[in-house]
Amino acid sequence: MSLGLAFVAILAVALAAAWLGYARARRLRASSGSRLHSLPVYHGAHAALWAAIPALLLIAAWAPMQSRLVDQTVLSSPEGKALPAFEMQRESILSEAREIAHGDREAGFNPESTTLAPRIRAAEQRYALFGGLIAIAVALATAAFAVRRSNPQFRARTGVERWVMGLLFAASLIAILTTLGILLSLMFESLRFFRLYPVQSFLFGLEWSPQTALRADQAGSSGAFGSVPLMWGTFFIGAIIAMVVAVPLGLMSAIYLTQYAHARVRAWLKPILEILAGIPTVVYGYFAALTVAPAVRDFGLAIGVSSASSESALAAGSVMGVMIIPFVSSMSDDSIAAVPQAMRDGSLAMGATKSETIRKVLLPAALPGVMGGILLAVSRAIGETMIVVMAAGLAANLTANPFASVTTVTTQIVQLLTGDQEFDSAKTLAAFALGLALFLITLLLNLIALHIVRKYQEQYE
Amino acid sequence: MDMKEKMPITPTTPVTPSAAIPAAAHREAPSFADDAEPDMTDSAPRIDVSHQPNIEEASVPDLDTGRDPKMRADEVSVFYGEKQALKDVSIKIYDDLVTAFIGPSGCGKSTFLRCLNRMNDTIPTARVTGRIALDDEDITSSSMDVVQLRARVGMVFQKPNPFPKSIFENVAYGPRIHGLATNKVELQEIVEKSLRRAGLWEEVKDRLQESGTALSGGQQQRLCIARAIAVDPEVILMDEPCSALDPIATAKIEELIHELRGRYAIAIVTHNMQQAARVSQRTAFFHLGELVEYGKTSEIFTNPRMQRTTDYITGRYG
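Predicted, not measured: the structure shown is a model, and the values here were computed from it.

1. Observations concerning the overall build of chain B
Phase 1 of the analysis: Along chain B, the regular secondary structure elements total 11 helices and 10 strands.
Phase 2 of the analysis: In chain B, which comprises 318 residues, the proportion classed as buried is 54%.
Phase 3 of the analysis: A sequence separation of at least 24 residues applies to 70% of the contacts in chain B between residues at least 6 apart.
Phase 4 of the analysis: Element-wise, carbon and sulfur atoms account for 50% of the exposed surface of chain B, whose accessible area totals about 13500 Å².

Encoded structure:
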C-alpha cells in the first residue's frame, strides 16, 4: 500500500464524515424540533475538515521520514553492511538500487545495487503500509470525534470558519516561506563562494573574467570575479537605456490615454498596449538580436562610431524599454487616475488649459506614484534575462558607450550555469553570489517603490 | 463642447460698462444667533432675513429693468446624454450682488452654475443649449476662449481643492498661467493682496511655503477663494462652498462673501437656506431642473409667489 492510496482513502473518509455529519445534523434538527446553531452543511464541513486535515498533515510529515527509515533499515541489513564505506560511492549505489526498486531501470551498473533493490522495495512497502494505516486510523478517529460532537448547540460554523482561516494563513505562509527558502539557498551557496573568493574583491573588483584554471600551468585563466562591470552593464541596460525609452513613452501614452483619448480610442489602444506585456520575452530577444541590433550597429557605424558592436547595449536596452512600456504606462495611468477630479476641475476653472493642468497639477500630484512605478519597472528590467542573453554581449566592458557591448548579471549567471559544471569551483558558485546580489538589489528597489506608492495613495484617501 | 442649438436671441441692451456700486457701507457681519431660533409659531416662511445688511432699495435695480446684468442666461437647457437636467432657465446676475441658487438635491442648480464658466465642457456627455452672455458677449459660442472666460469667471468648489503645492504656489497658479505678473515682486504682491482679500493673510503669512493641503478645511476653502480672486475675475461662482466646513469656518466664509460683494458679481449654490438668506440679495429657487422663482432674497423668503417655493423654504420637502 503506497501513501498515495492512503491519501485517497483519507479523502474517502472525509467524504463519508461530511455525509454523516450532515445527516446527523438534519436528524438532530428533526428530532429536537429546535433550530440548530449552525446549518447542517456546516456540521458536514466541520466533520470533513477534521477527518482530512490532521491525517493529511500526518502523511505529509511521514513521507520524508519514511525515506530516512528505509535507508536506515537497508543499511543495517547484511547487504547494506557490505557496501563500501566511502560516502559518495555508497550513495550512488543506493540511488541506483532505489531506481531499480521503483522499476525505473532494469539493472544497475554496480552489482550491489541489484541485490539491494528487493530490500528497499520490502522496506518501503512495510513503512508505507505502517504510515498509511496510521494516517487512516487518525482520519477515522478524528472524523468520529467530530461527528459525535455535533448537537443542536454545537458551533460548527465557527469551527469551519476557523479552519478556513487557518488554510488561508497557511497559503500565504507558503509564499513567504518559499521566498525565505530561496534566499537561504542563495546565501549558503554564496557563502561557499566567498570562502573561495574575498567579498570585497567581488563587490568592488573591476575585472570580471570567470575562467578558472583546471591545471596550475593553464594560461589565460585569471579567475577574476569583480562584479562591478556586470553591475554597471545591468544598470546601463536596465536602468538607463531601457528607462530612457520606457519612461517618456509610457508616461506620454498614459497621459494620452487618460486625458485626451476618446473613450472609443482608449478601448482599442489600451488592450493593444497590453498585448506588448504579453509577448514572451524570448520573442523580444529574437527581435533585439536579429532586427534591432544590426540596425543599431549600422546606425552607429554611419554616424562614425567605429566601435559599434552587433551586441550593443543600446539594442538590448531599447528593446527592453519597449517591453517595459506597458508596465510604466499602466502604473502612470493608475497614479494619474488617482489624482482627484476636484484637482483637475480646480485647475481648469482657473482658466488653465488641458496641457497646463496636466503639466502643473496632475503630473506633480501623480509624481510619487509614477516614481514608484518606474522603480518597479527598473527592478523588473534588471532581473530580465532573455533579451540580454540573446542580444547583449558577453564581454564585461566598463563603458558608457551605448554602441559598445556590455554584459549583465543575468547573462553571466546563464553563462556560468549552462553546460556541465562542477559545484565546488568558484566559477559556478559565483553565479549564486551574483544571484544573491541581484535578489537583494531588486528586493530593495521593490521595497522603496512600494513604500512610495503606499505613501502616495494615503495622500488622497 | 459646442452649443448645438443656439437660441436666436439678440442682445436686449447695448453694452455699457456696469456701474460699480460702492458697497463698503454694508460690510456688516451677519449675526448668526438669530438663525438658531426660527419663529416656530409662524406657519409662514421661517427664514429670518431681517438682519440682511440694508441695501438701500433704491440702489438695487429691479429685476428686469435698470442697469445691465453682469451675466444673463436665456432659455438655457442642459442635457446629460438623453436626460435633461435643466429646462429653459433664464436669469440675470448683477454686479455687486450675491445671487443664491437654492433647491433640493438634483434640481439643477449646480449644473446651471457650471454653465456660467463652461465647466460642463469637462463632462463629455453634457450638452448645453440656449444663450449665456457675460457683458453681452455670448460665452456659449465656439469662438469663446474658455481660458479667458474662466479667468473672468472664477469658481470655488464644494470641497476645498487646493493643489498639492505650497500656499504661495496655489495662489500664484492663476497669475502665472495668465501671465498677470511680469516679475517676482509683482507676483508676490498679487499673492499677498489675494490672500488679504480672502482673509487668510494673517494666518499664513509666515508659512507661505508650506503645503496648501496642510491647512484646515476652512483655511483651504479661503485659500481656494484667494486662488480664484488672484486672477482678478469679474464673477465668482461658488458651488456649496461651505458644505464641507464646520460652523465656525462657515461663518468666516460667509463674512468673506459679504466683503467680496463690492468687487465681484457672486453666484452661490447652497443647500442651506439660512445661508442663502444671510449672504444673498437675490435668490433663485430651482426645482426638477426648472427655475421656479427668482427675486429679491427678502421677498423669496418672506413672500414667495409660488407654492413650490413656499413648500421648500418652509421645509415641506427638500
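2. Structural notes on the overall build of chain A
Phase 1 of the analysis: Along chain A, the regular secondary structure elements total 16 helices and two strands.
Phase 2 of the analysis: Looking at chain A as a whole, 42% of its 461 residues qualify as buried.
Phase 3 of the analysis: Total accessible area on chain A is roughly 24000 Å²; 67% of this is exposed by carbon and sulfur atoms.
Phase 4 of the analysis: With 33 positive and 27 negative side-chain charges, chain A shows a spacing of 17 Å between the two charge centroids.

3. Considering the nonpolar core
Phase 1 of the analysis: Phe-193, Ile-237, Met-243, Met-320, Ile-324, Ile-387 and Leu-434 of chain A are the most contacted members of the largest nonpolar core, which totals 81 residues.
Phase 2 of the analysis: A total of 13 residues in this core trace back to one element, the largest contributor, which is helix H13 (residues 354-383) of chain A.
Phase 3 of the analysis: Residues contacting Ile-324 of chain A, with those up to four places away along its chain left out, are Met-243, Ala-246, Ala-377, Arg-380 and Ala-381 of chain A.
Phase 4 of the analysis: Core analysis: the next-biggest nonpolar cluster, separate from the first, contains 45 residues, Val-171, Ala-249, Ile-253 and Tyr-264 of chain B among them.

4. A look at the UniProt feature "domain: ABC transmembrane type-1" (unreviewed entry) in chain A
Phase 1 of the analysis: Within the UniProt annotation, "domain: ABC transmembrane type-1" (unreviewed entry) is assigned to residues 232-449 of chain A.
Phase 2 of the analysis: When the span residues 232-449 of chain A is considered, its composition is 78% helix and 0% strand, and the gap between its end C-alpha atoms is 21 Å.

5. A look at the environment of Ile-248 of chain B
All names here are of chain B.
Phase 1 of the analysis: Position of Ile-248 among the secondary structure elements: in helix H8 (residues 247-260).
Phase 2 of the analysis: By relative accessible area, Ile-248 is classed as exposed at 62%.
Phase 3 of the analysis: On a C-alpha basis, the gap between Ile-248 and Ile-313 in space is 24 Å, while along the polypeptide they are 65 residues apart.

6. A word on the packing of aromatic side chains
Residues and elements named next belong to chain A.
Phase 1 of the analysis: For the structure shown, the criterion picks out 19 aromatic pairs over all chains.
Phase 2 of the analysis: On the numbers, 5.5 Å between centres and 90° between planes, the contact of Trp-50 with Trp-163 is edge-to-face. Of this pair, Trp-50 sits in helix H2 (residues 40-76) while Trp-163 is found in helix H6 (residues 156-196), placing the two residues 113 residues apart along the sequence.
Phase 3 of the analysis: We classify Trp-50 as partly exposed; its relative accessible area is 23%.

7. Comments concerning unusual backbone geometry
Phase 1 of the analysis: In this model, Asp-96 of chain B sits at a positive phi of 65°, which is unusual for a non-glycine residue.
Phase 2 of the analysis: Secondary-structure assignment places Asp-96 of chain B in the loop between strand E2 (83-93) and strand E3 (98-102).

8. A few points about the interface of chain A and chain B
Phase 1 of the analysis: Taken together, the contact between chain A and chain B spans 18 residues of the former and 21 residues of the latter.
Phase 2 of the analysis: In total, about 1600 Å² of surface goes out of reach between chain A and chain B, with carbon and sulfur atoms giving 66% of it.
Phase 3 of the analysis: Three residues stand out in chain A for area buried against chain B, namely Ala-349, Met-350 and Lys-360 of chain A, and they jointly supply 39% of the buried area on that side.
Phase 4 of the analysis: For the pair chain A and chain B, the interface holds one salt bridge.
Phase 5 of the analysis: Here Asp-345 of chain A and Arg-114 of chain B are joined by a salt bridge, their closest N and O atoms 4.0 Å apart.

9. Concerning a nonpolar patch on the surface
Residues and elements named next belong to chain A.
Phase 1 of the analysis: On the surface, Phe-169, Leu-173, Ile-176, Leu-177, Leu-180, Leu-184, Met-187, Phe-188 and Leu-191 cluster together into a nonpolar patch covering about 870 Å² of accessible area.
Phase 2 of the analysis: Considering the arrangement of structural elements, one finds Met-187 in helix H6.
Phase 3 of the analysis: What makes Met-187 partly exposed here is its relative accessible area of 37%.

10. Brief notes about helix H5 (residues 111-149) of chain A
Residues spaced three or four apart along an α-helix point in a common direction, a consequence of the helix completing one turn every 3.6 residues.
Phase 1 of the analysis: The end-to-end C-alpha distance of H5 of chain A is 58 Å, a good match for the 57 Å that 39 residues give at a rise of 1.5 Å each.
Phase 2 of the analysis: At Ala-117 of chain A, H5 of chain A is deflected by roughly 30°, the largest bend along its length, and proline Pro-118 of chain A occurs up to four residues later in sequence.

11. What about the UniProt feature "transmembrane region" (unreviewed entry) in chain A?
All names here are of chain A.
Phase 1 of the analysis: As recorded in UniProt, the feature "transmembrane region" (unreviewed entry) lies at residues 41-63, 127-147, 167-186, 230-251, 272-293, 313-340, 361-382 and 429-453.
Phase 2 of the analysis: Structurally, residues 127-147 comprises 100% helix and 0% strand, and the distance from its first C-alpha atom to its last is 30 Å.
Phase 3 of the analysis: Annotated as 91% helix and 0% strand, the span residues 272-293 places its first and last C-alpha atoms 25 Å apart.

12. Some details on the layout of surface pockets
Phase 1 of the analysis: Estimates place the volume of the largest pocket at around 700 Å³.
Phase 2 of the analysis: If you go around the largest pocket, you meet 22 residues; those closest to its centre are Thr-258, Gln-259 and Lys-354 of chain A together with Thr-122 and Pro-124 of chain B.
Phase 3 of the analysis: With four residues, helix H12 (residues 341-349) of chain A is the largest single contributor of residues to the lining of the largest pocket.
Phase 4 of the analysis: Split by residue class, the lining of the largest pocket holds nine nonpolar, six polar and seven charged.

13. Comments concerning the packing of helix H1 (residues 3-32) of chain A against H5 of chain A
Residues and elements named next belong to chain A.
Phase 1 of the analysis: Running from amino to carboxyl end, H1 crosses H5 at an angle of 10°, the nearest separation of the two axes being 9 Å. As far as their axial angle goes, H5 and H1 are roughly parallel. Residue-level contacts link Leu-3, Ala-6, Ala-9, Ile-10, Val-13, Ala-17, Leu-20, Gly-21 and Arg-24 of H1 to Ala-128, Gly-131, Gly-132, Ala-135, Ile-136, Ala-139, Leu-140, Ala-143, Val-147 and Arg-148 of H5.
Phase 2 of the analysis: Class assignment of the residues belonging to the contact of H1 with H5 gives a composition of 14 nonpolar, three polar and two charged.

14. So, the pairing of strand E9 (residues 282-287) of chain B
Residue and element names in this part refer to chain B.
Phase 1 of the analysis: Summarising burial for E9: six of the six residues are buried, a large majority.
Phase 2 of the analysis: Residues Arg-282, Ala-284 and Phe-286 of E9 are buried on one face, and the alternating residues Thr-283, Phe-285 and His-287, pointing to the opposite face, are buried as well.
Phase 3 of the analysis: Here E3 pairs with E9 via four bridges, running parallel. Bridging from a neighbouring strand, Ile-102 pairs with Phe-285 of E9.
Phase 4 of the analysis: Relative to strand E10 (residues 290-296), E9 runs antiparallel, the two sharing six bridges. Among the inter-strand pairings, Phe-285 is bridged to a residue of E10, identified as Glu-293.

15. Description of the state of the cysteines
Residues and elements named next belong to chain B.
Phase 1 of the analysis: One pass over the full model with this rule turns up zero disulfides over all chains.
Phase 2 of the analysis: Lacking any disulfide linkage, Cys-242 is separated from the closest cysteine sulfur, that of Cys-224, by 12 Å.
Phase 3 of the analysis: By relative accessible area, which is 6% here, Cys-242 ends up buried.

16. Here we look at the pairing of strand E4 (residues 126-134) of chain B
Residues and elements named next belong to chain B.
Phase 1 of the analysis: With eight of nine residues buried, E4 lies mostly within the body of the structure.
Phase 2 of the analysis: The pairing of strand E1 (residues 71-80) with E4 spans eight bridges and is antiparallel. Bridge pairing links Phe-79 to Arg-127 in E4.
Phase 3 of the analysis: Adjacent in sequence and paired antiparallel, E4 and strand E5 (residues 137-138) are bridged by two residues, among which Asp-135 carries a positive phi angle near 50°.

17. Focus: the packing of H2 of chain A against H5 of chain A
Residue and element names in this part refer to chain A.
Phase 1 of the analysis: At their nearest, the axes of H2 and H5 sit 8 Å apart, and the two run at 160° to each other. Between H2 and H5, the angle falls in the class roughly antiparallel. The handedness of the crossing between H2 and H5 is right-handed.
Phase 2 of the analysis: By residue class, the composition of the contact of H2 with H5 is 25 nonpolar, five polar and four charged.

18. Concerning the side chain of Thr-314 of chain B
Residue and element names in this part refer to chain B.
Phase 1 of the analysis: Here Thr-314 is to be found in the segment after helix H11 (307-313).
Phase 2 of the analysis: Thr-314 sits in the buried class, given a relative accessible area of 15%.
Phase 3 of the analysis: Among the polar contacts made by the side chain of Thr-314, one reaches the main-chain carbonyl oxygen of Thr-310 at a distance of 2.6 Å.

19. Looking at the confidence of the model for chain B
Residues and elements named next belong to chain B.
Phase 1 of the analysis: Scored by pLDDT, chain B comes out at a mean of 81, with 79% of its residues at no less than 70.
Phase 2 of the analysis: Counting interchain partners and residues more than four positions distant, the pLDDT-below-50 stretch residues 1-45 has 78 contacts.
Phase 3 of the analysis: For residues 53-61, every residue scores under 50 in pLDDT, and the model assigns this stretch 17 contacts once sequence neighbours within four places are set aside.
Phase 4 of the analysis: This prediction of the complex comes with two scores: 0.71 for pTM and 0.76 for ipTM.

Calculation notes
Counting of residues starts from 1 at the beginning of each chain's written sequence and follows it residue by residue. Here chains are named by letter from A upward and ligands by number from 1 upward, in the order in which they appear as written. The predicted nature of this model means local features are confined to residues of pLDDT at least 70 and side-chain atom pairs, given and counted, to a pLDDT of 80 or more, with totals for whole chains, interfaces and linings taken over all residues. Side-chain measures were taken over the full set of non-hydrogen atoms in the model, leaving aside hydrogen atoms and water. A run of H or I in DSSP counts as a helix once it spans at least four residues, and a run of E counts as a strand once it spans at least two, with each numbered from the N terminus. Classification of residues uses two cut-offs on accessible area relative to the type maximum, computed with a 1.4 Å probe and protein chains only: under 20% is buried, over 50% is exposed, and between them is partly exposed. Pairs of residues are marked as contacts when any of their non-hydrogen atoms sit within 4.5 Å. Values of accessible area rely on a 1.4 Å probe in the Shrake-Rupley scheme; residue burial ignores everything except the protein chains shown. Charged residues are defined here as Lys and Arg on the positive side and Asp and Glu on the negative side; His and the ends of the chain fall outside this count. Charge positions are represented by NZ for Lys, CZ for Arg, CG for Asp and CD for Glu. Take the buried Ala, Val, Leu, Ile, Met, Phe, Trp, Tyr and Cys residues and link them wherever side-chain atoms come within 4.5 Å; each set so joined is a nonpolar core. UniProt positions are given in the numbering used here, feature names are shortened, and annotations may be inferred rather than shown by experiment. Aromatic rings from Phe, Tyr and Trp, taking only the six-membered ring of Trp, are treated as a pair when their centres fall within 6.5 Å; an angle between ring planes under 30 degrees marks them as stacked, one over 60 as edge-to-face, and anything in between as tilted. Throughout, the accessible surface (probe 1.4 Å) given up by two parts as they are put together, summed over both, is called the buried area. The term salt bridge refers to a side-chain nitrogen of Lys or Arg lying within 4 Å of a carboxyl oxygen of Asp or Glu. Like-charged residues within 9 Å of one another, or nonpolar side chains (Val, Leu, Ile, Met, Phe, Trp, Tyr) within 5 Å, are grouped into patches, provided each residue has over 30% relative accessible area and no salt bridge. By this rule the span expected of a helix is its residue count minus one, scaled by 1.5 Å. The angle between axes fitted to the seven-residue stretch ending at a residue and the seven-residue stretch beginning at it gives the bend at that residue. Cavities and pockets were defined on a 1 Å grid built from protein atoms only: a cavity is a group of points that admits a 1.4 Å probe but offers it no way out, a pocket is an open group of points flanked by protein on both sides within 12 Å along at least five of seven lines, and a lining residue is one with an atom within 4 Å of any such point. Grid points are joined across faces, edges and corners, and a volume is the space filled by probe spheres set on the points. Each residue is assigned to one class: nonpolar for Ala, Val, Leu, Ile, Met, Phe, Trp, Tyr, Cys and Pro, charged for Asp, Glu, Lys and Arg, and polar for all the others, Gly among them. Lines fitted to the C-alpha atoms define the axes, with helices restricted to the stretch that makes contact. Angles between their N-to-C directions range from 0 to 180 degrees. The scheme is simple: roughly parallel for angles under 35 degrees, roughly antiparallel for over 145, roughly perpendicular for 65 to 115, oblique for anything else. A pair of strands counts as paired when DSSP detects no fewer than two bridges linking them. Whenever a pair of cysteine sulfur atoms sits within 2.5 Å, that pair is classed as a disulfide. Two helices cross in a left-handed way if the nearer one is turned anticlockwise from the farther one by less than a right angle. They cross in a right-handed way if the turn is clockwise. Each polar contact in these results corresponds to two N or O atoms within 3.5 Å; when the atoms are within protein, one needs to be able to donate a hydrogen and the other to accept it, and residues that are neighboring in sequence are counted only if both atoms are side-chain atoms. For every residue, the predictor assigns a confidence score, pLDDT, that lies between 0 and 100.

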